[in-house]
2 protein chains.
Amino acid sequence: MRPASNKSGPVVLLSGGVGGAKLADGLYRTLAPESLTVIGNVGDDIERHGLWVSPDVDILTYTLAGMVDAEKGWGFADETFHALAILRRLGEETWFNLGDRDLATHILRTRLRREGVRPTGIAARIAAGLEVRCTVLPATDDTVQTHVQTEKGWLHFQEYLVRDRAEAAPLDVRCEGADEARPTPEVLSALAGASAILLAPSNPVASIGPMLAVPGFRDAMLRSGAPRIAVCPIVGGRSLKGPSDRMLKAKGLTADPMGVADWYGDLLDGMVVDEADAQFEGMLKERGLEVLVTGTVMQKARDRDGLAEATLAFARTCSASPKA
Amino acid sequence: MRPASNKSGPVVLLSGGVGGAKLADGLYRTLAPESLTVIGNVGDDIERHGLWVSPDVDILTYTLAGMVDAEKGWGFADETFHALAILRRLGEETWFNLGDRDLATHILRTRLRREGVRPTGIAARIAAGLEVRCTVLPATDDTVQTHVQTEKGWLHFQEYLVRDRAEAAPLDVRCEGADEARPTPEVLSALAGASAILLAPSNPVASIGPMLAVPGFRDAMLRSGAPRIAVCPIVGGRSLKGPSDRMLKAKGLTADPMGVADWYGDLLDGMVVDEADAQFEGMLKERGLEVLVTGTVMQKARDRDGLAEATLAFARTCSASPKA
């Protein structure tokens, strides 16, 4: 028997970068700031030019701060790339786009890491500096690195996605360092006290996967009394963004809501699927999942708010029916 | 008896930042690139935001690359300061101005230092990247830090000069770490093989002083057969820029060519003084110094070229009369 959910606790969103940040943004406008905790993926983190970059946590923070480049979905709006142009002149490989404002974040993070500050504290300081009032937590303070296998061998996720533009078929995905990583006390506390746990429409394998691969993270979700709802990142058989579809296939799963349900397994109480995938509703319900069919494609701000509100209302319904 | 000068060797310029860089620039346009070696002060180096900044070496490099901000005399032309604005928002003290392009230099330098690359190699890579074809050498690969004593106590040179705008009277100047530092093989080789050694119109105490404080540096100058010529940084009793005048006084010397001659002592064969200080010619000659009286204030590019040419011609005269 699961404990009852903590109805006054925060909504906890597990999220990768661009796609998940849109839902985070909608939730941030819908909920009181103290009622939202966003847990960001760190498997995409990468050291570039000696600086520690945490792309998903940064995208979440910049988006929540209202400072993100809305068109690209990452980096600051009205960004310049003068430093990168000089780094290129100085012989550095500059395939990973780092804007001038963005570099400030990485410079501060790198200094604080060297001084021994936990990534959790660093993320909090950056969020506070940019006046983000909800809580943004890295999934772990430890280093977890998502690697992608292609015909050429194993690549860092950013090498695969950004440098090589995800052109090769992914054959497998693994999370280096996950076995030795631990969820932070802040993450465990947020999951334990949540009123709902939402899995953003991020890459299930490469963005949410690195969290679930950290020993203790999945258990903390299973122990929580909160309803656990995934917003499906696959619409009409394809990822809205990035290689989620191909990575599900690499894991032997189908690129559709059923494959997502298979990937998350017993973690889910319910799933939000797009109207384009309404035909999966019955099959998902046969698996014991609650299902909300609604528009999940977030093109405009009001789409984000609408999906956030619908998902929260759906989660409240799910929480009314705790299962054994 | 000193050895004869190596007439085919390079002209070696010892230089601090802005003022010395102007003469370096004139020499660079006057000489073949392989005939100029610039040795830059590292006593002003400072770690900011976890990045290692080497202001004098950078000013020299940017100036020689034709990329310096001509009005300020430091940093890149048309520079932006977007990263610094974000660092300020994130709670960092941002009194040390670091432009976006400039940060690229410091990011690369910091990474290479951590990887164990010598500052000499780093300076060479940055100069090559910016297509500077003469040689730019840090005075030492070791860490020497110029500190300034005021009524408030000892301050890092940049705290004194930039943060506190050199408002307090300097009471003393010292070079932390100089005793344990060593000149590099490249510096020793340049001094030994020089056709002339020029001391730029930089701060004798705070910019040239940290080089001379490194054990072996002064001896290498004394052993060289090259004529050693200082371009006086004091004109009409005042520094052209910065606190040279007050620092000479803090050392018990006069803020005029005689004080500069006293500071450099037996290092000098000759001095270039401004027409405003022609009255010192006789006294300097009584000290055994050759003297060139000419315009030394470099406001325009042609002033730099003119001073460079006049100083080189003067040095050739001096080299014709080696002393015991």
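Since the model is a prediction, treat every value here as computed from it, not as a measurement.

Draft legend 1. Up close: helix 4 (residues 100–114) of chain A. All names here are of chain A. Here helix 4 is 15 residues long and its end C-alpha atoms lie 21 Å apart, about the 21 Å a rise of 1.5 Å per residue gives. Most of helix 4 sits inside the fold, with 13 of its 15 residues counted as buried. Of the residues one or two after helix 4, Gly116 is the one with positive phi, at around 95°.

Draft legend 2. Focus on the pairing of strand 14 (residues 290–294) of chain B. Residues and elements named next belong to chain B. Pairing of strand 13 (residues 270–274) with strand 14 involves five bridges; the strand directions are parallel. What sits directly across from Val272, in strand 14, is Leu292. Crossover handedness for the path strand 13 to helix 12 (residues 281–286) to strand 14: right-handed.

Draft legend 3. The interface of chain A and chain B, seen in detail. Of the residues lining the interface, 28 residues belong to chain A; the matching set on chain B comes to 28 residues. Buried area between chain A and chain B, both sides added, is near 2,600 Å², and the carbon and sulfur share of it is 66%. For chain A, the biggest contributors to the area lost against chain B are Arg89(A), Leu90(A) and Ile107(A); these three give 26% of the whole. In this assembly, chain A and chain B are joined by six salt bridges. The residue Glu92(A) makes a salt bridge to Arg111(B) at a minimum N-O spacing of 2.5 Å. On inspection of chain A and its partner chain B, the count reaches nine residue pairs in polar contact (both at pLDDT 80 or more). Of all the secondary structure elements, the ones that give two or more residues to the side of chain A that touches chain B are helix 3 (82–89), helix 4 and helix 5 (119–129) of chain A. Sort the elements by how many residues they give to the side of chain A that touches chain B and helix 4 of chain A lands first, with nine residues. Here the side of chain A that touches chain B is built from residues that sort into 13 nonpolar, seven polar and eight charged.

Cut-offs applied
- Residues numbered from 1 in each chain as written.
- Chains lettered and ligands numbered in written order.
- Predicted model: local features only at pLDDT ≥ 70, side-chain atom pairs only at ≥ 80, totals over all residues.
- Heavy atoms only, no water.
- Helix = DSSP H or I, 4+ residues; strand = E, 2+ residues; numbered from the N terminus.
- Expected span 1.5 Å × (residues − 1).
- Buried < 20%, exposed > 50% of the residue type's maximum accessible area, 1.4 Å probe, protein only.
- Pairing = 2+ DSSP bridges.
- Right-handed = clockwise from strand over helix to strand, strands pointing away.
- Contact = heavy atoms within 4.5 Å.
- Buried area = accessible area lost by both parts, 1.4 Å probe.
- Salt bridge = Lys/Arg side-chain N within 4 Å of Asp/Glu carboxyl O.
- Polar contact = N/O pair within 3.5 Å; in protein donor to acceptor, adjacent residues only side chain to side chain.
- Nonpolar A, V, L, I, M, F, W, Y, C, P; charged D, E, K, R; others polar.

Just geometry here; none of it tells us what the structure is for.
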